[in-house]
Amino acid sequence: MEAARLAVRNLVAGYVPGHPILRGVNLEVAPARITVVLGPNGAGKSTVLKVLAGFLAVQSGSIRLDETEIAGLPAHRHAASGIALLPQGHSVFPDLTVAENVELGGWILRGDRIRLRRAVDAVFARYPNLHPLRDKPAGSLSGGQQRAVEIARLLVADPRVLLIDEPSVGLSPAIATQVYRELVALKAEGRTILLVDQDVRAAIRIADYVYVLNSGRNDVEGDRAAFEGDLGSMVRGWLGV
Amino acid sequence: MPVHIAGIVVNGVLLGLVYAIAALGLSLVMGVMGIINVAHSAFIMLGSFLALGLLEWAHIDPIASFFLALPIFFALGVATYRLIVTRVERAHQTQGLIAMFGLMVLIENLGTIAWTTDTRVITVGYSNANLMVGSLLIADAPLIAGALALLLIAGFRVFLHATLIGRAIRAMGQNRDAARALGVNVRALSAVMFGLGIASAGSAGVALGMIFPFAPQTQIQWLAWAFLIVVLGGLGRVENTLVSALAVGLIQTAATAFLPFDYVYLILYVALAAMLVVRRQGLRGVVRRAI
């Protein structure tokens, strides 16, 4: 897999015209690395992911995937260009079976049924624990199993860039640890990962580079080592205590 | 089973099948897209007049019109989605309802201008024919309409469950943003779903026109019937709509057999009111998206 680079320049975006949430954000998401975005509530972390996934319109600024400008493209075009989003909270289709959920992960491959079938089979081979659950409604699974289905579904289309929003929310510590371990494995395969997380400690542990946003703007940034030392004072600063 | 009871059951089931396709599109569009399309019944009325027009002008049998209505009304549905629904789907739900109500009134009034308020009937060779099964007498027209309806219901069921695009439509109804994140063009699929809903309404109009007299203003009765079935059966599932429509068909047929005619409509309208009270979430509670 050829690793992808995502470059965000002076990004301005929001839900209401004239009231941007992001006020000139700059990010360099390096190929085959885990880039983490941190910040207090309201900093604009999840908004960044929504814009990069094409859910939210760009008011100004640039988003380049390798050499291609993708700002302003609709969500389905972002997905087709190899960007996949794992949204915050559970996002399985509860009335569809696990197999149907996973198959829909390959929606962009639907023109090539053989390739789609192979991709689905490969994902079930990668996550053998899901195989016995294939015919169960996804909504009937435990929280951890649903997260596994979501990650499996994410990988069917073999995306080059993964946008991950709060992957451990609602999961037990043991399952959350597995999820973070899986993110590291996905990076090792050459996937570029942009992770937004409230679990600062867990996120920094797997980060290659960290950005901190505050009030929709870049605050501080640096590699993992720069953040590991003084996490406590950073978080206290966000909380204003 | 006494013959007249068997007749009530058979006729009730046939009627229920036709009612099911009258409500199917309303239920799916509400369940999957969150759109309360009160103009649905106006398209049913247009379907009846399409069958009448094709019969009078081109001698096309209503059975053929049933299938011809599908692509014609699908195109009408997609056009309605693009011209009207997309303009109000992000607005407050009331605004969407008013827009669809306006469309319903517009279609009914255009129908009245075109066809007057006179009641019409579709008369073909089998309109007054009957089939004897043992000692059971079954009218041909409801039998044919019921069989066509069953075919359409089966088609919808297979489409939504056995095809990838059908599963994507169901997925979109369960989690629109997650579907978008997978690359599903939800705007395009919404147009397809709305088109299918209107296509089923058009074909339902043909089937209803084979059984009942109709006029532009009778569409409001089909709206009440369709809502009753949707409220009774819940949204977005073909099988729920079918079961609830069969119940309505059986109740109506039984009531017609045992009660004066006027009471039949009273019973069904009271049932609609009672269901709206009992299912307290009503229609709004299950509609997640605006319009």
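Presented here is a report on the structure given in the accompanying data block. The structure displayed is predicted, hence computed values, not measured ones.

This next bit is on the overall build of chain A. Secondary structure assignment for chain A yields nine helices and 10 strands. Taking 2.2 N^0.38 as the reference for a compact globule, 241 residues should give roughly 18 Å; the C-alpha atoms of chain A span a radius of gyration of 18 Å, in line with that estimate. Along the longest, intermediate and shortest principal axes, the C-alpha atoms of chain A span 50 × 40 × 35 Å. Per-residue burial for chain A yields a buried fraction of 42% across its 241 residues. In chain A, the share of contacts with a sequence separation of at least 24, taken over all contacts with a separation of at least 6, comes to 69%.

Check the secondary structure of chain B and you find 11 helices and two strands. Traced from its N-terminal end to its C-terminal end, chain B shows the element sequence α-α-α-α-β-β-α-α-α-α-α-α-α. Relative to the globule expectation of 19 Å for 291 residues, the C-alpha radius of gyration of chain B, 19 Å, shows essentially globular dimensions. When its C-alpha atoms are laid out on the principal axes, chain B stretches across 60 × 45 × 35 Å. The burial tally for chain B puts 47% of its 291 residues in the buried class. The contacts of chain B with a sequence gap of at least 6 include a subset with a gap of at least 24, amounting to 80%.

In this structure, L163 of chain A together with V18, A22 and A207 of chain B are the most contacted members of the largest nonpolar core, which totals 161 residues. If you tally residues by element for this core, the top one is helix 1 (residues 3-33) of chain B, at 16 residues. Not counting chain neighbours up to four residues away, the residues in contact with L163 of chain A comprise L49, L52, A53, I83, A84, L85, L86 and L194 of chain A.

Residues and elements named next belong to chain B. Taken N-terminus to C-terminus, the directions of helix 3 (residues 62-88) and helix 8 (residues 186-211) make an angle of 140°; their axes are 6 Å apart at the nearest point. Judged by the inter-axis angle, helix 3 sits oblique to helix 8. For the element pair helix 3 and helix 8, the recorded crossing hand is right-handed. Per-class residue counts for the contact of helix 3 with helix 8 are 20 nonpolar, nine polar and one charged.

All names here are of chain B. Contact geometry for helix 5 (residues 140-162) and helix 6 (residues 164-174): axes closest at 5 Å, N-to-C directions at 80°. For the element pair helix 5 / helix 6, the angle class is roughly perpendicular. Here F159, L160, H161 and A162 of helix 5 lie close against helix 6, whose contacting residues are G166, I169 and R170.

What follows is about unusual backbone geometry. In the Ramachandran plot, N10 of chain A falls in the positive-phi region, its phi being about 50° despite a non-glycine side chain. One can find N10 of chain A in strand 1 (residues 6-13). Phi at H59 of chain B takes a positive value of approximately 55°, unusual for a residue other than glycine. Assignment of secondary structure puts H59 of chain B in the loop between helix 2 (40-58) and helix 3. Residue classification places H59 of chain B among the exposed positions, given that 8 C-beta atoms sit within 10 Å.

Analysis parameters
Residues numbered from 1 in each chain as written. Chains lettered and ligands numbered in written order. Predicted model: local features only at pLDDT ≥ 70, side-chain atom pairs only at ≥ 80, totals over all residues. Helix = DSSP H or I, 4+ residues; strand = E, 2+ residues; numbered from the N terminus. Rg over C-alpha atoms; globule rule 2.2 N^0.38 Å. Buried ≥ 20, exposed ≤ 12 C-beta atoms within 10 Å, placed from the backbone. Contact = placed C-beta atoms within 7 Å. Core = buried A, V, L, I, M, F, W, Y, C linked by C-beta atoms within 7 Å. Axes fitted to C-alpha atoms, helices over the stretch in contact; angles between N-to-C directions. Parallel < 35°, antiparallel > 145°, perpendicular 65-115°, else oblique. Left-handed = near helix turned anticlockwise from the far one by under 90°. Nonpolar A, V, L, I, M, F, W, Y, C, P; charged D, E, K, R; others polar.

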